[in-house]
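Topology and contacts: notes
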Amino acid sequence: MFVRRIGVIGTGYVGLTTGACLASLGHHVVCADVDADKVKRLSAGEVDILEPGLAELVAEGIAAGRLSFVLGASAAVDGAEVVFLCVPTPMGVGGVADLSIVESVLEEVGALLPPGCVVVNKSTVPVGSAQRTAELLDREDVAVVSNPEFLREGSAVHDFLNPDRIVVGCDQQDAAERVAALYARLGAPTVLTDAASAELVKYAANCFLAMKLSYVNAIAELCDRLGADISDVTEGVGYDKRIGQAFLQPGPGWGGSCLPKDTSAMLQLADAADYEFRLIRATIDTNNRQRQRMVEKVRLAVTGKRGGSLSKVRLGLLGLTFKAGTDDLRDSPALAVAALLRQAGAQLVAYDPAVRSGDTRIDEGITVVDDPYVAAEGVQAVVVLTEWPEFRTLDWAKLAAVVARPVVVDTRNLLDPDVVRRAGFEWNGLGRR
Ligand code: UGA
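Residues numbered from 1 in each chain as written. Predicted model: local features only at pLDDT ≥ 70, side-chain atom pairs only at ≥ 80, totals over all residues. Heavy atoms only, no water.

This part covers the UniProt feature "binding site: NAD(+)" (unreviewed entry) in the protein. Under the UniProt annotation, the feature "binding site: NAD(+)" (unreviewed entry) is placed at Asp33, Lys38, Thr89, Thr124, Glu153, Lys261 and Arg330. What stands out for the annotated residues spanning 298 residues is how far apart their C-alpha atoms range, the widest pair being 25.8 Å apart. With respect to the secondary-structure elements, Asp33 resides in strand 2 (residues 28-33). Note on Asp33: relative accessible area 13%, which makes it buried. Excluding anything up to four places from it in sequence, Asp33 contacts Gly10, Thr11, Lys38, Val39, Val70, Leu71 and Gly72. Inspection of the secondary structure assignment puts Thr89 in the loop between strand 4 (82-85) and helix 5 (100-109). (UniProt positions renumbered as here; feature names shortened; annotations may be inferred. Helix = DSSP H or I, 4+ residues; strand = E, 2+ residues; numbered from the N terminus. Buried < 20%, exposed > 50% of the residue type's maximum accessible area, 1.4 Å probe, protein only. Contact = heavy atoms within 4.5 Å.)

Here you go:
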């Protein structure tokens, strides 16, 4: 087998997943981070990211002697044949990806990279970044490759080990092939292309997903207005192989650390190329409206009329994270809807299985409790905002006994309406009869 010595810089969810999974494929991987405590914890096999299977892979890699953790990027590149850059590229001023962390890492390790080594950009970076990286490095003996990741939070290990495709972009064919060969065991279709195309694949894919969701949310709204049922409509639509069943679940809008950032970045990059990308603008606008629409749904359900007042109305929120299976609150639609409900004067009590009371990430205006039944006490409506499966199996009769009014607004169409109705609740979903 083709075994490489690999350095991974950054141990966030992309870096750690990449490092642990590459080690599980047989490679020798050294992961670097700037946080000394984190390096110590990871070296002891302690993973603080909620990512199924990751802690096990890290422990296995360490035990097999194929995975280690070091402080500082320099230590990871020593003797490396391939170096993965997996550092954050947050949304900067005007929605442009902020590359300052990538740049400072390059400055630190540029001169230390072994001759012949390949630098791989794994972070989502604007089109043209591989070229810019090569210019910053200014090393003729080091190739720069773009190799975007397509990992979803909450299933990153699964996605890494079962990829739909591997995309590798580089103007030097041999460097691209060396990177593609790292994944050979996974047997995925591989797209070898130039760096700019590989970089654009990432944005084009995430923007397409965002567009698909805004579209389905708009269709759900039409279902509400026309008396149609979104679950039947999406099922009927999704059987078309050209469309597919995945990513057709309506919700309170899409969020997280990727889709909002990448749709904004796409607008910027189109703008810079003198192209007005109206489709993406509409995708973002539809998403913003979706959050407001959820507030209107709550208004209608609680007061019985459009535009009714939510002032001093107590609401119990189920879910705060941006989706189920993660403790990530970044750009969470649940928090965005909560903020709008607060602005409308509502009093909010929330429960989320991944967020404890006293979590400092949550605005003071939301009271977080550690028990869903406590969150429902005395409320005028229970509002489901994140699709945690366990909400389906709550004791809805017990909830009915503690609420002030048995009303549910299910912004994820998560619950079984029959079960909830049998418990005495009025159930309000999205685009459902
Ligand atoms: C997304 C992409 O799905 C990954 O392929 C990509 O690698 C990743 O961004 C990235 O760029 O790193 P992620 O942000 O983890 O992954 O989240 P998704 O599972 O895509 O969900 C995004 C949002 O859409 C969430 O708010 C989720 O609740 C919502 N969603 C998703 C729906 O409302 N309905 C659906 O059917 C699916």
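That shown, we press on.
Here we come to the site of the ligand. The environment of the ligand is formed by 22 residues, the closest being Glu153, Lys202, Asn206, Gln249 and Arg412. Within the side chain of Tyr13, a nitrogen or oxygen atom sits 3.2 Å from an oxygen atom of the ligand. Between Lys323 and the ligand, the recorded distance is 2.8 Å, taken from a side-chain N or O atom to an oxygen atom. Elements supplying a minimum of two residues to the shell around the ligand: helix 9 (195-226) and helix 11 (259-272). With four residues, helix 9 is the largest single contributor of residues to the shell around the ligand. Partitioning the shell around the ligand into residue classes produces 12 nonpolar, three polar and seven charged. (Near = heavy atom within 4 Å. Polar contact = N/O pair within 3.5 Å; in protein donor to acceptor, adjacent residues only side chain to side chain. Nonpolar A, V, L, I, M, F, W, Y, C, P; charged D, E, K, R; others polar.)

Under the feature "binding site: substrate" (unreviewed entry), the UniProt entry names Phe150, Leu151, Arg152, Glu153, Lys202, Phe247, Leu248, Gln249, Pro250, Gly251, Gly255 and Lys323. Taking the farthest pair of C-alpha atoms as the criterion, the annotated set spanning 174 residues is dispersed, since that pair is 23.2 Å apart. Its location among the elements puts Phe247 in the loop between helix 10 (230-238) and helix 11. Topologically, Lys323 is positioned in the loop between strand 9 (314-318) and helix 13 (333-343). What makes Lys323 buried here is its relative accessible area of 18%. Ignoring any residue separated from it by four or fewer positions in sequence, one finds Lys323 in contact with Arg152, Glu153, Thr386, Glu387, Trp388 and Arg412.

Before going further, it helps to examine the side chain of Thr326. Here Thr326 lies in the loop between strand 9 and helix 13. At 3.2 Å, the side chain of Thr326 forms a polar contact with the side chain of Glu153. Look past the residues within four positions of Thr326 in its chain and what remains in contact with it is Leu50, Glu153, Thr321, Ala354 and Trp388.

By secondary structure assignment, the location of Asp328 is in the loop between strand 9 and helix 13. Aside from chain neighbours lying at most four places away, what touches Asp328 is Glu153, Ser257, Thr321 and Phe322. Side chain to side chain, Asp328 and Arg330 meet in a polar contact 2.8 Å long.

Counting buried positions along strand 9 gives four out of five residues, so the element sits mostly inside the fold. Bridge count for strand 9 against strand 10 (residues 347-351) is five bridges, and the pairing is parallel. Its bridge partner being in strand 10, Leu317 is matched across the sheet by Ala350. In this region the chain leaves strand 9, passes through helix 13 and returns to the parallel neighbour strand 10; the handedness of that crossover is right-handed. Bridge count for strand 9 against strand 12 (residues 381-384) is four bridges, and the pairing is parallel. Among the inter-strand pairings, Gly316 is bridged to a residue of strand 12, identified as Val382. (Pairing = 2+ DSSP bridges. Right-handed = clockwise from strand over helix to strand, strands pointing away.)

A word on the packing of helix 9 against helix 11. Two numbers describe how helix 9 lies on helix 11: the axes approach to 9 Å, and their chain directions differ by 115 degrees. Here helix 9 runs over helix 11; the crossing is left-handed. Between helix 9, through Leu200, Lys202, Tyr203, Ala204, Asn206, Cys207, Ala210 and Leu213, and helix 11, the contact on the second element is made entirely by Leu259, Asp262, Thr263, Ala265, Met266 and Leu269. Among the residues making up the contact of helix 9 with helix 11, the classes are represented as 10 nonpolar, two polar and two charged. (Axes fitted to C-alpha atoms, helices over the stretch in contact; angles between N-to-C directions. Left-handed = near helix turned anticlockwise from the far one by under 90°.)

Residues of the protein with pLDDT of at least 70 account for 100%, and the chain-wide mean is 95. Both scores are given for the predicted complex: the pTM is 0.94, the ipTM 0.97. (pLDDT = per-residue confidence, 0-100.)

A contiguous nonpolar surface patch, about 190 Å² in accessible area, is contributed by Val233, Val237 and Ile243. Turning to its location among the elements, Val233 is positioned in helix 10. (Patch = residues over 30% accessible without salt bridge, like charges linked within 9 Å, V, L, I, M, F, W, Y side chains within 5 Å. Areas by Shrake-Rupley, 256 points an atom, 1.4 Å probe, with all protein chains shown as cover. Salt bridge = Lys/Arg side-chain N within 4 Å of Asp/Glu carboxyl O.)

The next subject is the pattern of salt bridges. Counting across every chain of the model gives 21 salt bridges. Linking Lys202 and Glu149 is a salt bridge whose minimum nitrogen-to-oxygen distance equals 3.1 Å. Here Glu149 lies in the loop between strand 6 (143-146) and helix 7 (156-161) and Lys202 lies in helix 9, a separation of 53 residues in the sequence. Here Lys202 matches Glu149 in class, with each residue buried. Arg330 serves as the salt-bridge partner of Glu153, at 3.6 Å between the closest nitrogen and oxygen. Here Glu153, found in the loop between strand 6 and helix 7, pairs with Arg330, found in the loop between strand 9 and helix 13; they are 177 residues apart in sequence, far enough to count as distant. Here the salt bridges do not stand alone but share partners, grouping Glu221, Asp224, Arg225, Arg293 and Lys297 into one network.

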